[in-house]
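Tertiary structure, described
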Amino acid sequence: MSHRYIPLVLFSVMLSTFAEAQLVINTTQTPAQLVQNVLLGGGVTATNIQFNGGPGNILTEQAAEFNSSAANVGIPAGLILATGDVMNAMGPNNSGSSSLGGGNFGQGDPDLLQLAQSTGSNVTSINDAAILEFDFLVTGDSLKFNFVFASDEYLEFVNSINDAFGFFLSGPGINGPFSNNAANIALIPGTVDPVTINSVNDVTNPQFYVDNGNGTTAPFNTNPTYIQYDGMTVVMQAGAQVICGETYHIKIVVGDANDTVWDSAVFLEAGSFVSTGQVLPQLTSGVLLNDSTMLEACGVVDFTMYRIGDTTNTDTIQLTVSGTATAGVDYSPAFPNQLIFQPGDTAITFLLNVPSDPDGLETIVFDIEQLIQCAGQIIQTQYTFYIDSPPPLNVIANDVLSDCNQVEVLAPLISGGSGNYLHAWSTGATTPSISVSPGTTTTYTYTLSDTCAIAPVTVDITVDVPVYAPMELTLTPDTAIPCLGNADLTVLNVIGGDGTFQYAWSANGAPISNTQTINVQAGAPTYYVATVTDGCGSVVSDSLLATTAPLPEIEITTTPDVTVLCEGDTTLLEVLSVTGGNGVYSYVWTNGQGVVISNTTTVEVGVPTDHIYTVTVSDQCGYVSDTTVTTFIPQPQPLAIQMTPDGTICYGDPIELSAQVSGGSGVYYLEWPSLGATDPIVEVTPLQETTYVVNVYEECGLFATAEVTIDVEPTTAEIVATSQGQDDWYLQGAAYPVPQYYFWDLGDGT
């Protein structure tokens, strides 16, 4: 058995295919709830959850739950952290520089700044950071979780100032360059390099990059399946070896570099933050699409079960194998139901044969049950691997038009297969490209094959040399030019000839220009003739027709019909929008008698009565349209006040007085003169009978008044005099309406 030690590293995971739908984001959970309810899986207990340096029990626009089962994140569900509002992630990708929310220059992180500066020295600050951190107790010997990094700074800011993210793990056995000896575990698979826009893109490590358009390209900018960010990584796995039973701290942070725009986000898979046991299955050799996929008929695959951590004991591992792949048919040999690691053993290797079949993508699912000695409990983990057919080979090669004795490089574009290509040319060369200089027209045969059992592809490439083919022109199509506009007419393509061309344009027999492209104004229908002469003196001509294009009719949107509250008031009538025509408009407002009252987009009119106003819009090309706006004056109703009825209260009791107004225009001013109040409902505590008056003033000049009288009934008391000594007497009884003096006749003149 092998005794190699293999540390946990990042793993890329295959992207899935989604039907057209959209990302779903749920913002109802706090960061603490997102960790406990969404992110955590087995073997981990989290405490002390914080967000951006504060308690994690407060909702934030920068963290939410997501579901991507119908979008292209690659992770079906989980937790999203963003440099702005997480809702910016919603597709389609119709902006190349999207930002939403955020804007907090003060929220930074020194560890993320240090990480960003290690890959770009021109980074001076981290802003808009979303920082999720917590302590966690592990019951296994390893930690892992899945993630996708996405950013709208792809691809414009590759090798420039770009946003950053990091997973900073600290605790027993961790020794890194960041605060608390933390190490960043967001790494490119198989390396110690951090995942950044500079390190994962269409040129650097392109196998881990997913292009998502640039905000204007189809189908990304119209199909809501695609999220808003211009680029992202494939699904990756962060992991590290830990000490079972110990407590660790992780800080997950994403931030804007130097600014607060062009948002970025990290997607964390639901339930993937787990502390696994001591056995990790890996594909360690063979022709692979990535570390979880085996290709059919591509040779023997080295499939190894690694034991990580303490190897001093004998470990018996219960292994349940399921999935859509059938042992003995789709792969062989079959896996046993039990693995036994003897003391000191670190790996058990299986050499798998994966034959070709038409079944499509198949899965092998391992459910591993093992006793974790340090935790004193049985842990169950699951891993999924894939069997897929290698993509067919594809070769694109074009014939070459060459001059005599000119050296031509023949380099077909190749794709598909496993990438382990074999090249064969009819010249005997075995390189991807060849250089040739034939004296006459010659055809070269190229065959591409693969080390996997894939059908080879053969193409012929012909190098044509003089005599040259007759020239043919491709011109701009017949063109309809908008009124007052202009258009470029061009020789789009010339085939044939020797490749050296001179151009000449003419119209109605008169020369115009000796350039490949001319610009013409709209006018009467005219045929423009293009003449091309090559270096050998061959001449070819073609023509196109330029006319004036009709414009769409003018459409006017105005202020809607308006009701004016009071006779004699004024109101503003306005043209809200105009479409159609050539876009340069003139305006004329007229009243019901046809009198012009304004030549702008707006007009303020007095309203003595109901009236109809007309606005006419015309453009420079003679297009005209009009529409009307009607003003109305409502018939006012008399003012009426519904008052609280007169009443009687006990002394010292409060009472609410209400004045409900109706009629008039509905816009009132109300006052209680004696109270200095303007609310329709007031509370008073009269000490004697009081009449309260309310006055109502209406916007159009109406006035009304009303009053209410509140009587006050005093409270009586029973008086009991009690002797407490020669000179002490007091009263017992109820409250009195006003302060009183009481005189006692004690019978002796005092």
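Each value, and the rule that gives it
- Residues numbered from 1 in each chain as written.
- Predicted model: local features only at pLDDT ≥ 70, side-chain atom pairs only at ≥ 80, totals over all residues.
- Heavy atoms only, no water.
- Helix = DSSP H or I, 4+ residues; strand = E, 2+ residues; numbered from the N terminus.
- Buried < 20%, exposed > 50% of the residue type's maximum accessible area, 1.4 Å probe, protein only.
- Contact = heavy atoms within 4.5 Å.
- Areas by Shrake-Rupley, 256 points an atom, 1.4 Å probe, with all protein chains shown as cover.
- Polar contact = N/O pair within 3.5 Å; in protein donor to acceptor, adjacent residues only side chain to side chain.
- Pairing = 2+ DSSP bridges.
- Axes fitted to C-alpha atoms, helices over the stretch in contact; angles between N-to-C directions.
- Salt bridge = Lys/Arg side-chain N within 4 Å of Asp/Glu carboxyl O.
- Disulfide = S-S within 2.5 Å.
- Core = buried A, V, L, I, M, F, W, Y, C linked by side-chain atoms within 4.5 Å.
- Arc of directions from axis to C-beta.
- Lys, Arg positive; Asp, Glu negative; His and termini not counted.
- 1 Å grid on protein atoms, 1.4 Å probe; cavity = no way out; pocket = protein on both sides within 12 Å on 5 of 7 lines; lining within 4 Å.
- Points joined across faces, edges and corners; volume = space filled by probe spheres on them.
- Nonpolar A, V, L, I, M, F, W, Y, C, P; charged D, E, K, R; others polar.
- Phe/Tyr/Trp six-rings, centres within 6.5 Å; stacked < 30°, edge-to-face > 60°.
- pLDDT = per-residue confidence, 0-100.

**Some details on the overall build of the chain**
If you tally the helices and strands in the chain, you get two helices and 57 strands. Taken across its 750 residues, the chain has 44% of its residues classed as buried. Looking at the chain alone, contacts between residues at least 24 apart form 67% of all its contacts between residues at least 6 apart. Here the chain has roughly 35200 Å² of accessible surface; of this, 52% comes from carbon and sulfur atoms.

**Considerations on the environment of asparagine 582**
You can see asparagine 582 is positioned in the loop between strand S43 (570-579) and strand S44 (585-590). With a relative accessible area of 22%, asparagine 582 lands in the partly exposed category. The spacing of asparagine 582 and glycine 622 is 40 residues in sequence and 9.4 Å in space, taken between C-alpha atoms. The residues touching asparagine 582, leaving out its near neighbours within four places in the chain, are Leu484, Leu551, Asp619, Gln620 and Cys621. A distance of 3.2 Å separates a polar atom in the side chain of asparagine 582 from the backbone nitrogen of valine 584. Polar contacts involving the side chain of asparagine 582 include one to the side chain of glutamine 620, which spans 2.9 Å.

**Overview of the sheet that holds strand S7 (residues 126-138)**
Taking strand neighbours across the sheet as the criterion, the six strands line up as S4-S3-S7-S14-S9-S10 in an open arrangement whose pairing is antiparallel. Sheet topology places strand S4 (54-55) and strand S10 (183-184) at the edges, where each strand pairs with a single neighbour. Sheet topology places strand S9 (residues 164-170) next to strand S14 (residues 247-257); seven bridges connect them, and they run antiparallel. Bridge pairing in S14 places leucine 169 opposite isoleucine 250. Helix H2 (residues 110-119) rests against S7, S9, S10 and S14 of the sheet, and its axis sits at about 120° to S9.

**Quick look at the pattern of salt bridges**
Counting across every chain of the model gives two salt bridges. A salt bridge links lysine 251 to aspartate 109, with the shortest nitrogen-to-oxygen separation between them at 2.9 Å. Of this pair, lysine 251 sits in strand S14 while aspartate 109 is found in the loop between strand S6 (77-82) and H2, placing the two residues 142 residues apart along the sequence. Residue lysine 251 is classed as buried on the basis of its relative accessible area of 10%. Exposure remark for aspartate 109: the relative accessible area of 7% places this residue in the buried category. Here lysine 251 ties to aspartate 111 by a salt bridge, and the two come within 2.8 Å at their closest N and O atoms. With lysine 251 in strand S14 and aspartate 111 in helix H2, this residue pair connects regions lying 140 residues apart in the sequence.

**Quick word on the state of the cysteines**
With the rule as written, the count across this model stands at two disulfides. One disulfide in the model links cysteine 298 with cysteine 452; its S-S distance is 1.6 Å. Between cysteine 298 and cysteine 452 the sulfur-sulfur dihedral comes to about 115°; the bridge is accordingly right-handed. Residue cysteine 298 is located in the loop between strand S18 (293-295) and strand S19 (301-307), and its partner cysteine 452 is located in the loop between strand S31 (442-450) and strand S32 (457-464); the two are separated by 154 residues in the primary sequence. Summarising the burial analysis for this pair, cysteine 298 and cysteine 452 share the class buried.

**Brief notes about the nonpolar core**
Ranked by internal contacts, the top residues of the largest apolar core, which has 67 residues, are Phe134, Phe136, Phe167, Phe267 and Phe273. Counting residues per element, this core draws most heavily on strand S8 (residues 142-151), at six residues. If we ignore the near neighbours within four places in the chain, the residues touching phenylalanine 167 are Phe145, Phe147, Ala183, Asn184, Ile185, Ala186, Ala238, Lys251, Ile252, Val266 and Leu268. The next biggest cluster of nonpolar side chains, apart from the first, holds 24 residues, and it includes Met305, Ala325, Tyr383 and Ile387.

**Observations regarding H2**
Listed as buried for H2 are Asp111, Leu112, Leu115 and Ala116. End-on, the buried residues of H2 take up no more than an arc of 130°, which puts them together on one face. N-cap assignment for H2: the residue whose side-chain oxygen lies 3.1 Å from the backbone N of aspartate 111 is aspartate 109.

**Describing the side chain of aspartate 263**
Relative to the elements of secondary structure, aspartate 263 occurs in the loop between S14 and strand S15 (264-269). There is no salt bridge for the buried aspartate 263, and the closest opposite charge comes from lysine 251, which lies 20 Å off by N-O distance. Here leucine 100 takes part through its backbone nitrogen, which lies 3.0 Å from a polar atom of the side chain of aspartate 263. Discounting residues that sit within four places of it in the chain, aspartate 263 has contacts with Thr83, Gly84, Asp85, Asn88, Ser98, Ser99, Leu100, Ser151, Asp152, Asp163, Tyr229 and Asp256.

**A look at the side chain of asparagine 127**
Residue placement: asparagine 127 occurs in strand S7. Assessed through its relative accessible area of 3%, asparagine 127 is described here as buried. A distance of 3.3 Å separates polar atoms of two side chains, one belonging to asparagine 127 and the other to serine 125.

**Concerning unusual backbone geometry**
In this structure, the amide linkage connecting glycine 91 to the following residue, proline 92, adopts the cis form with an omega of 5°. The step from tyrosine 154 to leucine 155 runs through a cis peptide bond, and the omega angle for that step is -20°. Positive phi is not limited to glycine here, since asparagine 48 has a value of about 55°. Residue placement: asparagine 48 occurs in strand S3 (residues 44-51). The phi torsion at leucine 484 lies on the positive side, around 65°, for a residue other than glycine. On the basis of relative accessibility, which here comes to 54%, the residue leucine 484 falls in the exposed class.

**Comments concerning empty space enclosed by the protein**
In this approach a probe as big as a water molecule rolls over the atoms, and the regions it shows empty are the leftover space. Under the defined criterion, the tally for this structure stands at one cavity of 30 Å³ or more. When its volume is computed, the largest cavity comes out at roughly 40 Å³. As for the largest cavity, its lining consists of 10 residues, and the residues nearest its centre are Ala116, Thr119, Val123, Asn162 and Asp163. When grouped by side-chain class, the residues that make up the lining of the largest cavity number three nonpolar, six polar and one charged.

**Focus on the sheet that holds strand S29 (residues 421-425)**
Pairing is mixed across the open sheet formed by four strands, whose spatial order is S26-S32-S31-S29. Of all strands in the sheet, those with a lone pairing partner are strand S26 (400-401) and S29, marking the two edges. Strand direction decides the pairing type here: S31 and S32, joined by seven bridges, are antiparallel. Its bridge partner being in S32, tyrosine 444 is matched across the sheet by isoleucine 461.

**Thoughts on the packing of aromatic side chains**
Scanning all chains against the criterion turns up 25 aromatic pairs. Note on tyrosine 697 and phenylalanine 703: the rings are 5.0 Å apart at their centroids and 45° apart in plane angle, and the pair reads as tilted. Under the relative-accessibility criterion, tyrosine 697 is labelled partly exposed at 35%.

**Focus on the pairing of strand S34 (residues 479-482)**
The two faces of S34 differ: Thr479 and Ile481 on one face are buried, but Ala480 and Pro482 on the other face are not. As defined by bridge partners, S34 adjoins strand S40 (residues 539-549) across four bridges and the pair is classed as parallel. What sits directly across from alanine 480, in S40, is threonine 547.

**Thoughts on the confidence of the model for the chain**
Summing up the model confidence of the chain, the mean pLDDT is 85 and the portion of residues at 70 or higher is 88%. Within the chain, S10 carries the highest mean pLDDT (96), whereas strand S1 (residues 11-13) carries the lowest (33). Low pLDDT (under 50) marks residues 1-20, which in the prediction has 78 contacts with non-local residues, meaning those over four places away or in another chain. Long-range and interchain partners of residues 721-741, a stretch whose pLDDT sits below 50, account for 34 contacts in this model, where long-range means more than four residues apart.

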